[in-house]
There are 2 protein chains.
Amino acid sequence: MDIQRKDVHNSETPVLCQACESRHRGVCGALTPDQLLQLSKHSTRRTVEPGTELVGESLKTKSYSNIISGVVKLSKMMADGRQQIVGLQFAPDFLGRPFRSENGVSAEAATDVKVCSFPKAAIERMISEMPELEHKLLEQTLTELDEARDWMLTLGRKTAGEKVASFLLLIATHAFPDNESDSVTFDLPMSRTDIADFLGLTMETVSRQLTKLRKDDVIRILNNRHVTVPDLTRLSERAGF
Amino acid sequence: MDIQRKDVHNSETPVLCQACESRHRGVCGALTPDQLLQLSKHSTRRTVEPGTELVGESLKTKSYSNIISGVVKLSKMMADGRQQIVGLQFAPDFLGRPFRSENGVSAEAATDVKVCSFPKAAIERMISEMPELEHKLLEQTLTELDEARDWMLTLGRKTAGEKVASFLLLIATHAFPDNESDSVTFDLPMSRTDIADFLGLTMETVSRQLTKLRKDDVIRILNNRHVTVPDLTRLSERAGF
DNA sequence: GGCGCCAATTGACGCGCATCAAAGTGGCGG
DNA sequence: CCGCCACTTTGATGCGCGTCAATTGGCGCC
């Protein structure tokens, strides 16, 4: 399998989400058993393939989802086709833009993705009734904002080499948030073209920088996907830290 | 409950914030007169000059503020001095990162800025007691996230010319959010260097693109600061739309 | 007015990344 | 095992923007 956030991420006692049929810290973590039961009547659970569009850029959102496993890319496109990936979301993130039907961002599965979806109306009603839920949403949104701003520094001020190293570091830390050792191995959740769209580069430049990192023994790559980083410190130096 | 929320939100007549001694739509808009009175005992109001640091990058935040007037720039810096402005905040935005002492972003006044500050503890207590306030925060945070993602597209995929045009468009729309006509005039809230740091460019490139826009009659500039845009449509074409 | 100071402009040049093109690699069905 | 296809790598060339340096322009001060 590919990227998978290590079980439940800091969990002390994650609530069992009956709707999602899985333990995680998504939105359901804020609900009581009764509320979960009620919500689960309206929820649907499904697994989609890479490339599936989960939320259209200008389409009205009809539902919100918890990501149970996998990676989702959020992207924006210009009229002439230029594209920028503006964020990646991992389990157990919440997917969807509350309080607005359009958000100008399209969400697409990068890997196989398991999601648990709720109708828009149900979620918004629960939000207005449950401060806990709103608080949880605020926390996630603030975290996403922090991450977006970090990435703006990467996009605006880093060189191609630093960008690619930053990307590898991002995936490494999200795949194993609690990793203590200095070496990691993981699978890249997306193609060179996608990586380029995330970094504001071209596919060719990404490829060249990856081979440079390989030649300098900062990383090793098997089958174009499977990456091992023997020393995270050296990688983060390459990323500009 | 629902009605009340809606009311506070879309109110045409913003609530008088006794703490800030000014009518605006900031956080105070969610409070009742009693709560405002209580809060105002702990608030301080001040005006600062351009360049004043309002929140340090790694300093612990001790207070939160409403921006009453002026423009604040949020920026990040790398160890070697490279800098990126990751956001601009206008009145009546809320300034500060709840639920975390560090946020990795420093806030600096771009223009003369009037702020109304509250101690961290007071705000966080009120948040936990007032769902209304938390909702307002969530709304602003979501808006900031949308704006951050828009800017990521600009940073990652637009040319220098498109970037500068996008910046002018951003200022024009924020200076006069309700502008209906196709021509606007406004003052740039910051220097060429700051603009460059916001766009991921150099000062020289910003300057060259501005003179190009001037020569093409898309904009006019007086005294290096005062800008008039005769036709917003032509400007937004230059921005990549 | 003359002077100094700082921000902005303009010019000359080089480098980093994009662009275009071709060859290599892995995956999969026949 | 072979051939096909999508993806990736590698190479050659060009351009956009960065870099460095000189000039201009605004503004307060003596």
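These remarks concern the structure in this document. (Residues numbered from 1 in each chain as written. Chains lettered and ligands numbered in written order. Predicted model: local features only at pLDDT ≥ 70, side-chain atom pairs only at ≥ 80, totals over all residues. Heavy atoms only, no water.)

1. Some details on the sheet that holds strand β3 (residues 44–48) of chain A
Residues and elements named next belong to chain A.
Part 1 of the reasoning: Spatially, four strands are ordered β3-β10-β5-β8 in an open sheet, and the strand pairing comes out antiparallel. Edge strands, defined here as strands with exactly one partner in the open sheet, are β3 and β8 (94–95).
Part 2 of the reasoning: As paired elements, strand β5 (residues 63–69) and strand β10 (residues 113–119) share six bridges and run antiparallel to each other. Each bridged residue has a counterpart across the sheet, and for Ser 69 the counterpart in β10 is Lys 114.
Part 3 of the reasoning: Against the sheet, helix α2 (residues 120–129) touches β5 and β10, its axis set at about 70 degrees to β10. (Pairing = 2+ DSSP bridges. Helix = DSSP H or I, 4+ residues; strand = E, 2+ residues; numbered from the N terminus. Contact = heavy atoms within 4.5 Å. Axes fitted to C-alpha atoms, helices over the stretch in contact; angles between N-to-C directions.)

2. Observations concerning the protein's contact with DNA strand D
Part 1 of the reasoning: Near DNA strand D there are 17 residues, and of these A:Ser207, A:Arg208, A:Thr211, B:Thr205 and B:Arg208 occur at the shortest range.
Part 2 of the reasoning: Among all atoms of DNA strand D positioned within 4 Å of the protein, those belonging to sugar or phosphate total 62%.
Part 3 of the reasoning: Between DNA strand D and A:Asn224, the relevant distance is 3.5 Å, taken from a sugar or linking oxygen to a side-chain nitrogen or oxygen of the residue.
Part 4 of the reasoning: At a separation of 2.3 Å, a phosphate oxygen of DNA strand D approaches a polar side-chain atom of B:Thr205.
Part 5 of the reasoning: Among the elements of the structure, α6 (203–215) of chain A together with α7 (203–215) of chain B are those that each provide at least two residues to the surface near DNA strand D.
Part 6 of the reasoning: No other element matches α6(A), which puts six residues into the surface near DNA strand D.
Part 7 of the reasoning: Partitioning the surface near DNA strand D into residue classes produces three nonpolar, eight polar and six charged. (Near = heavy atom within 4 Å. Polar contact = N/O pair within 3.5 Å; in protein donor to acceptor, adjacent residues only side chain to side chain. Nonpolar A, V, L, I, M, F, W, Y, C, P; charged D, E, K, R; others polar.)

3. Here we look at the sheet that holds strand β6 (residues 71–77) of chain A
Residues and elements named next belong to chain A.
Part 1 of the reasoning: What the four strands build is an open sheet, ordered β4-β9-β6-β7; its pairing is antiparallel. This sheet does not close on itself; its edge strands, each paired only once, are β4 (53–55) and β7 (83–90). Direction aside, the axes of adjacent strands within the sheet are offset by 35 degrees on average.
Part 2 of the reasoning: The sheet contact formed by β4 and strand β9 (residues 106–109) spans two bridges and is antiparallel. Counted as the bridge partner of Glu 53 is Glu 108 from β9.
Part 3 of the reasoning: On top of the sheet, helix α5 (residues 192–199) reaches β6 and β7; it is set at about 100 degrees to β7, its chief contact.

4. Some details on the packing of α5(A) against α6(A)
Residues and elements named next belong to chain A.
Part 1 of the reasoning: It is the contact of α5 with α6, at a shortest axis distance of 8 Å, that shows an interaxial angle of 100 degrees. With respect to α6, the axis of α5 lies roughly perpendicular. Of α6, the residues touching α5 (which contributes Arg 192, Thr 193, Ile 195, Ala 196 and Leu 199) are Met 203, Val 206 and Leu 210. (Parallel < 35°, antiparallel > 145°, perpendicular 65-115°, else oblique.)

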